[in-house]
Amino acid sequence: MSHDYFHDTDALITVRDWLRFGVSRMNEAGVFFGHGTTNAFDEAAYLILHSLHLPLDRLDPFLDACLTEVEREDLKLVFEKRVKQRIPSAYITHQAWLGEFAFYVDERVIIPRSFIAELLREQLAPWVEDPESVQTGLDMCTGSGCLAILMAHAFPNAAIDAVDISVDALSVAQRNITDFQLQAQVHTLKSDLFSQLSGRTYDVIVSNPPYVNASSMALLPAEYLAEPQLALASGSDGLEHIRAILAAAPAHLNPGGILVAEIGHNRDALEREFQDPSLTWLDTGDSDEYVFLVTREQLLGQ
């Protein structure tokens, strides 16, 4: 016999009550965590603190605080969206974090979660020797604009192009660029990969393109199906986009330029196809499986 616990929340009075309730309902429903948190406690705490307009890093002082009826209704709706509708938290709060940076997101864009972010925090050291000397950068498949914005902070003198095929995604990216007051440095461009970038060349290209293969797409949890499929699927083998990017990149890299790309779980498939020892796999998130770096000269076989 299944119960609808959401019809019986009158006894939940304090933040602690709602935290417990949220953890119980998420664990009971088996929700999927892959958009920022890894467990029900952290997710429930985030949803509560954000919904109540409290500091996201200060749960303890508020645990025994009583909530108003309106606040309790708000939390009930939030947890119903998360548990019953399987809407990812970032779409509920319209906020996603990469390190110290918070970005606006909604259903028009994939939720930011790129390993490239941590490399940009280090300004791509040691492969970029002098971050100040980078003049041009490209974020291919920019989505919410998050990596383009991190590039602008990593390379303060660089003009950055943020490129996507989706007009919807680019409008979200523009909102984030404006929020970070980077309109003078970061520019959005609609293009199917490099098709509209004729004559444009860059010192640094980063890309977190779609890379989910067809068999994995068929098995995605509901939370991922809430995201734009255009931003996830990449043909039968997951390599459709990266194949095209590797083919076109040399013409759009300046001498000494580098490409940094994320390819999910496709390292073995990519290495089998390209048999190219020049790809350098970078350590990110405790693994060297997900992100590679290659230079223009390596791509040209020089």
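All figures in this text were calculated on a predicted structure; none of them were measured in a lab.

Bringing the sheet that holds strand E5 (residues 186-190) into the picture now. The mixed open sheet is built from 7 strands, whose spatial order is E5-E4-E3-E6-E7-E9-E8. The open sheet is flanked by E5 and strand E8 (280-284), the only strands paired with a single partner. Taking each pair of neighbouring strands and ignoring which way they run, the sheet shows an average axis angle of 25°.

It is worth spelling out the pattern of salt bridges at this point. For the coordinates displayed, the defined rule picks out 13 salt bridges. Between Asp237 and Arg243 there is a salt bridge, with the nearest N and O atoms lying 2.6 Å from each other. On the basis of relative accessible area, Asp237 is assigned to the partly exposed category, the value being 29%. The class of Arg243 is partly exposed, set by a relative accessible area of 28%. Beyond isolated ion pairs, a larger network of salt bridges with shared partners links Asp4, Glu80 and Lys84.

Before going further, it helps to examine unusual backbone geometry. The step from Ala125 to Pro126 runs through a cis peptide bond, and the omega angle for that step is 0°. Tracing the sequence through the fold places Pro126 in the loop between helix H5 (116-121) and strand E3 (136-140). One non-glycine residue, Gln123, lies in positive phi territory at about 55°. Relative to the helices and strands, Gln123 resides in the loop between H5 and E3. With a relative accessible area of 30%, Gln123 lands in the partly exposed category.

Quick notes on the rules
Throughout this description, residue numbers start from 1 for each chain and increase along the sequence as written. Only residues with pLDDT of at least 70 are given local features in this predicted model, and only at 80 or more are side-chain atom pairs given and counted; all residues enter the totals for whole chains, interfaces and linings. Hydrogen atoms and water are omitted, and side-chain values are computed over all heavy atoms in the structure. Here, strands pair whenever DSSP counts at least two bridges between them. What counts as a helix is a DSSP run of H or I of at least four residues, what counts as a strand is a run of E of at least two, and both are numbered from the N terminus. For every element, the axis is a line fit to its C-alpha atoms; helices are fit only across the contacting stretch, and the angle between N-to-C directions ranges from 0 to 180 degrees. A carboxyl oxygen of Asp or Glu within 4 Å of a side-chain nitrogen of Lys or Arg is what we treat as a salt bridge. Remark: exposure states derive from per-residue accessible area (1.4 Å probe, protein chains only) relative to the maximum for the residue type, with buried under 20%, exposed over 50%, and partly exposed in between.

The values are spatial; any link to function lies outside them.
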